[in-house]
Amino acid sequence: MLPRLRPQRVACFANKRVLSSKLFLNNRHLETGSNASSNAEDMSLLLRFAMAAGAATCLNNCLDDLRHSTQLEASQSLEKALEENDETTAVVNWSGTHSIEVPNKHYYEPQTVQELEQIIAKCHEEGQVVRPVGSALSPNAISFQERGMVSMANLDRILKIDKESMTVTVEAGARVSQVIDALREHDLTLPNLASIAEQQMGGFTQIGAHGTGAAIAPVDHYVTRLKLVTPARGTVELSEKDGEIFHLAKVGLGCLGVVSEVTMKVVPAHNLLEHTFVITRSEAKEKLRVLLKTHKHIRYMWIPYQDAVVVVTNDEEDENSTRLVEISKQNKDGVDAFKPLRDLLLELSKDEKEPLTEDDLIGKGFGELRDSLLSFHPLRGNHVKTVNQAEAEFWKLNQGYQIRPSDELLQFDCGGQQWVFEVCFPTGTYDDNAGHDMQFMETLLDKIESGMIPAHAPIEQRWSAGSASLMSPAHGPDEGLHCWVGIILYLPTDDELEREQITNTFKGQYCDLAREVGSPFGAVSHWGKLEMPTTGEHFLKLRQMLSSRYPLEKFNAARLYYDPKNILGNDLLNTVLGNPK
């Protein structure tokens, strides 16, 4: 069957009840109801941004549009859930890989911090589980707890922008994009960003989000003060003067208390010159040390089965930047970077009952074309190799420069619905890279290609400095150098059996390989991408690795002190961390 061409697949954080009367879309307020677009793509975007704001759609009002749309795969299951039980809230994470239903009586949406304090106190008294949730962006749904959740969406005020101390104080439900917009008016911005700006500030810091840059720490490192609403100790305020407990709480995973307020360092707003170029694998290895020290931000995108590494660098704009952009525009004039992708898609579809035509592909973006190409045979190594070749050609035609504000360039499209796993490990210091980053990649690619693993592109590699947060995967001294590597398998099909096969391949063969390759380097997972252990052996190895990298005894002691009834945990965290004690 011919794969459908569609906009990027999105997941919705949809509620069976009305959580908010407004949705956020491209910084414009769109009223729900009669003013909501009936266009399927607009509806998809509305739901996506509703999720990101923690707002919600009146799903009952949207389902008529969604029934005729293939944009949101979660819609059918959510509709079924509506019909079966009107007493629950259905929650699906951003990547559409996890979903739960929470009883409405245990799904809380405080409007004020005082309400939040009352909810947490009452739940503690009754022993009622209540896990904090932000924008539900984590691929592993680390915020999910089917027995009870508290949404921070309504606690989203920007409380103070202090240009003298160069800090911003916000309620934890404020989205990163909101904070950036507020800071822009003062010619300020955040010191680091992850790829998605629709995270809420609480989750953004508690999960240890990171960007890239050898001298730039993960975002939690820049937190200077936290307010936590704890079950047993009420509201506590922590800062540097509180020492170790503060550094435990900065990446607290929502386990020590519900973050209600965050103060974070800011930096002057600035434009970045972004350079995208393609080099060979040998060049990527040879040039890495120089590139890491030359550029403020850098990431590698490795393309399995291809001798092509896409390099993206970002540096502050200078007097030569405009000239480089103009030359780049001239070089790209008339170049059709999408042609290799479209040509391959037309070739693959020619034997179908209704082959695609050039007209069918007009306006289709990179992610849509890649999803459609992969959907023919997403788990066949040879097919994935062919698709990756077309992707490499796309990037070779798409090399060049651009200038934009830092908060725009440091965010990027993460692609369609997907499984993703990311590990972090130390690789020496800024001044003396130990080479673990390249050893990891060489071994991983060799095993992928010798085993014909259907590794979708890209395998993304980023770097960061050390973080003072004790539970950060990049914990270490400021001069420490840490490498982050993310693998991915897209879910480009609607066929449930095929989706299950992709999931099993990813969680089994592919993730097992990444863990095996990373083990000698002490690699641990990004907290937002750590999935439940699948075997007893996996569990034992995971606990051993976590115990060697993190102060788990101290963290669990802090959990016991602030949350002795463990109402803030969930199955994943209780399994990998152990119970508070």
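The structure displayed is predicted, hence computed values, not measured ones.

Undergrad: Explain the sheet that holds strand S8 (residues 158–162) to me, and be specific about the residues and the numbers.
TA: Backbone-to-backbone hydrogen bonds pair the strands of a sheet. The strands run either parallel or antiparallel. Read from one edge of the open sheet, five strands run S8-S9-S13-S11-S12, paired in antiparallel fashion. Whereas interior strands pair on both sides, the edge strands pair on one side only; in this sheet they are S8 and strand S12 (234–239). Mean inter-strand twist for the sheet, computed between neighbouring axes without regard to direction, equals 10 degrees. Of the pairings in the sheet, the one linking strand S9 (residues 167–171) to strand S13 (residues 258–265) comprises five bridges and is antiparallel in character.

Undergrad: I'd like a rundown of the packing of helix H14 (residues 436–450) against helix H15 (residues 496–518), residues and numbers included.
TA: Packed helices, taken two at a time, are described by the angle their axes make and the gap between the axes. Packing of H14 against H15 brings their axes to within 10 Å, and their N-to-C directions diverge by 145 degrees. The two elements H14 and H15 meet at a crossing, and its hand is right-handed. Across the interface between the two elements, Phe440, Thr443, Leu444, Lys447 and Ile448 of H14 pack against Tyr510, Leu513, Ala514, Glu516, Val517 and Gly518 of H15. Residues belonging to the contact of H14 with H15 are distributed by class as follows: seven nonpolar, two polar and two charged.

Undergrad: Pulling in residues and values, what's your account of the nonpolar core?
TA: Core analysis: the biggest nonpolar cluster contains 70 residues, and Leu190, Met201, Phe204, Met471, Trp527 and Leu577 have the highest contact counts within it. Ignoring any residue separated from it by four or fewer positions in sequence, one finds Phe204 in contact with Val176, Leu190, Asn192, Leu193, Ala194, Gln199, Ala209, Val219 and Met264. Leu444, Leu481, Tyr510 and Leu513 belong to the second largest nonpolar core, which has 42 residues in total.

Undergrad: How would you sum up the sheet that holds strand S6 (residues 131–133)? Please name residues and give values.
TA: With parallel pairing, the three strands of this open sheet are ordered in space as S5-S7-S6. Sheet topology places strand S5 (107–108) and S6 at the edges, where each strand pairs with a single neighbour. As paired elements, S5 and strand S7 (residues 149–151) share two bridges and run parallel to each other. Among the inter-strand pairings, Tyr107 is bridged to a residue of S7, identified as Met149.

Undergrad: I'd like a rundown of the packing of aromatic side chains, residues and numbers included.
TA: A complete count under the given rule lists twelve aromatic pairs for this structure. Judged by centre distance (5.8 Å) and plane angle (75 degrees), the ring pair of Tyr300 and Trp302 falls under edge-to-face. Through a chain of ring-to-ring contacts, the aromatic side chains of Phe338, Phe366, Phe394 and Trp395 assemble into a single cluster. A cation sits over an aromatic face here: Arg233 above Tyr561, 3.9 Å from the ring centre. A cation sits over an aromatic face here: Arg515 above Phe421, 5.6 Å from the ring centre.

Undergrad: So, unusual backbone geometry: which residues are in play, and what are the values?
TA: Ala457 connects to Pro458 through a cis peptide bond whose omega is 0 degrees. With respect to the helices, strands and loops of the structure, Pro458 is situated in the loop between H14 and strand S20 (459–464). Positioned with a positive phi, Asn566 is a non-glycine residue whose angle comes to about 55 degrees. Here Asn566 lies in the loop between helix H17 (552–562) and helix H18 (571–577). Of the residues examined, Asn566 reaches a relative accessible area of 14% and is grouped as buried.

Undergrad: Describe the confidence of the model for the protein, listing the residues and the values that go with them.
TA: On average, residues of the protein score 85 in pLDDT, and 85% of them are at 70 or above. This model gives residues 1–75 a pLDDT under 50, and the stretch forms 178 contacts once residues within four places in sequence are excluded.

Undergrad: Explain the pairing of strand S3 (residues 88–92) to me, using residue names and the numbers behind them.
TA: Counting buried positions over the five residues of S3 gives five, a clear majority of the element. By the alternation rule, side chains of S3 split into Thr88, Ala90 and Val92 and Thr89 and Val91, which are all buried. Looking at chain direction, S3 and strand S4 (residues 99–103) are connected through five bridges and run antiparallel. Within the sheet, the bridge partner assigned to Val91 lies in S4 and is Ile100. Linking S3 to S4, which pair antiparallel, is a turn of six residues; within it Gly96 sits at a positive phi near 70 degrees.

Undergrad: Tell me about helix H9 (residues 321–332), and name the residues and values.
TA: Since the α-helix packs 3.6 residues into each turn, any two residues three or four apart lie on the same face. Here H9 spans 17 Å end to end across twelve residues, near enough to the 16 Å set by a 1.5 Å rise per residue. Every buried residue of H9 is listed here: Ser321, Val325 and Ser328. For H9, the angular spread of buried residues about the axis comes to 60 degrees, placing them on one side. Exposed and facing more than 90 degrees away from the buried side of H9 are Gln330 and Asn331. Buried positions along H9 lie against strand S15 (271–279) and strand S18 (400–405). Immediately downstream of H9, the backbone of Gly334 shows phi near 85 degrees, a positive value.

Rules behind the numbers
Residues numbered from 1 in each chain as written. Predicted model: local features only at pLDDT ≥ 70, side-chain atom pairs only at ≥ 80, totals over all residues. Heavy atoms only, no water. Pairing = 2+ DSSP bridges. Helix = DSSP H or I, 4+ residues; strand = E, 2+ residues; numbered from the N terminus. Axes fitted to C-alpha atoms, helices over the stretch in contact; angles between N-to-C directions. Left-handed = near helix turned anticlockwise from the far one by under 90°. Contact = heavy atoms within 4.5 Å. Nonpolar A, V, L, I, M, F, W, Y, C, P; charged D, E, K, R; others polar. Core = buried A, V, L, I, M, F, W, Y, C linked by side-chain atoms within 4.5 Å. Buried < 20%, exposed > 50% of the residue type's maximum accessible area, 1.4 Å probe, protein only. Phe/Tyr/Trp six-rings, centres within 6.5 Å; stacked < 30°, edge-to-face > 60°. Lys NZ or Arg CZ within 6 Å of the ring centre and 35° of its normal. pLDDT = per-residue confidence, 0-100. Expected span 1.5 Å × (residues − 1). Arc of directions from axis to C-beta.

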